[in-house]
Amino acid sequence: MSNSPNPIELQKHLSGVDYPASRDDLVRTAKEQGADQEMIKALQSIPDREYDGPNAVTQAVSQS
């Protein structure tokens, strides 16, 4: 994604996630935390695997 979400905003919308977390867990939490559609789409575009922490999520979003 060429215009990836701000990493700080991304992590704000993922507060409360218990890692390791799946892509679906991340999307669900972001929706519950009021993330906008751009951020939801960015999370939906990352590979479907287990993420071991916030840095892994941020890296995946920036590479997708």
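Keep in mind that what you see is a predicted model, and the values were worked out from it rather than measured.

Looking only at helices and strands, one finds four helices and two strands in the protein chain. Its helices and strands taken in sequence order, the protein chain reads α-β-α-α-β-α from the N to the C terminus. At 10 Å, the protein chain has a C-alpha radius of gyration in line with the 11 Å of a compact globule built from 64 residues. Summarising its shape, the C-alpha atoms of the protein chain cover approximately 25 × 20 × 20 Å along the three principal directions. The burial tally for the protein chain puts 36% of its 64 residues in the buried class. Here the contacts in the protein chain between residues at least 6 apart in sequence split such that 53% fall between residues at least 24 apart.

Looking now at helix α4 (residues 54-63). Three or more residues of α4 are buried, namely Ala56, Val57, Ala60 and Val61. Burial along α4 is one-sided: seen end-on, the buried residues are contained in an arc of 130 degrees. For α4, the exposed residues set more than 90 degrees away from the buried face come down to Asn55 and Gln63.

Between helix α2 (residues 23-32) and helix α3 (residues 37-44), whose axes approach to 9 Å, the crossing angle comes to 175 degrees. With respect to their mutual orientation, α2 and α3 come out roughly antiparallel. Taken together, the residues of α3 that come into contact with α2 (itself represented by Arg23, Leu26, Val27, Ala30 and Lys31) are Ile40, Leu43 and Gln44. Here the residues of the contact of α2 with α3 are counted per class, giving five nonpolar, one polar and two charged.

This brings us to the nonpolar core. Counting residues in hydrophobic clusters, the biggest one holds 18 residues, and the most contacted among them are Leu14, Leu26, Leu43 and Val57. At the level of secondary structure, the elements contributing two or more residues to this core comprise α2, α3 and α4. In contact with Leu43, not counting residues within four places along its chain, are Leu10, Leu14, Arg23, Leu26, Val27, Ala30, Val57 and Val61.

Any two side chains of opposite charge can pair, given that their charged atoms come close. By the definition in use, this model includes three salt bridges. Note that Lys12 is salt-bridged to Glu9, the shortest N-O span being 3.5 Å. Taken together, the residues span about one helical turn, with Lys12 and Glu9 both in helix α1 (residues 7-13) at a distance of three residues. The class of Glu9 is partly exposed, set by a relative accessible area of 32%. Asp25 is paired through a salt bridge with Arg28; the nearest N and O atoms lie 2.6 Å apart.

What counts as what
- Residues numbered from 1 in each chain as written.
- Predicted model: local features only at pLDDT ≥ 70, side-chain atom pairs only at ≥ 80, totals over all residues.
- Heavy atoms only, no water.
- Helix = DSSP H or I, 4+ residues; strand = E, 2+ residues; numbered from the N terminus.
- Rg over C-alpha atoms; globule rule 2.2 N^0.38 Å.
- Buried < 20%, exposed > 50% of the residue type's maximum accessible area, 1.4 Å probe, protein only.
- Contact = heavy atoms within 4.5 Å.
- Arc of directions from axis to C-beta.
- Axes fitted to C-alpha atoms, helices over the stretch in contact; angles between N-to-C directions.
- Parallel < 35°, antiparallel > 145°, perpendicular 65-115°, else oblique.
- Nonpolar A, V, L, I, M, F, W, Y, C, P; charged D, E, K, R; others polar.
- Core = buried A, V, L, I, M, F, W, Y, C linked by side-chain atoms within 4.5 Å.
- Salt bridge = Lys/Arg side-chain N within 4 Å of Asp/Glu carboxyl O.

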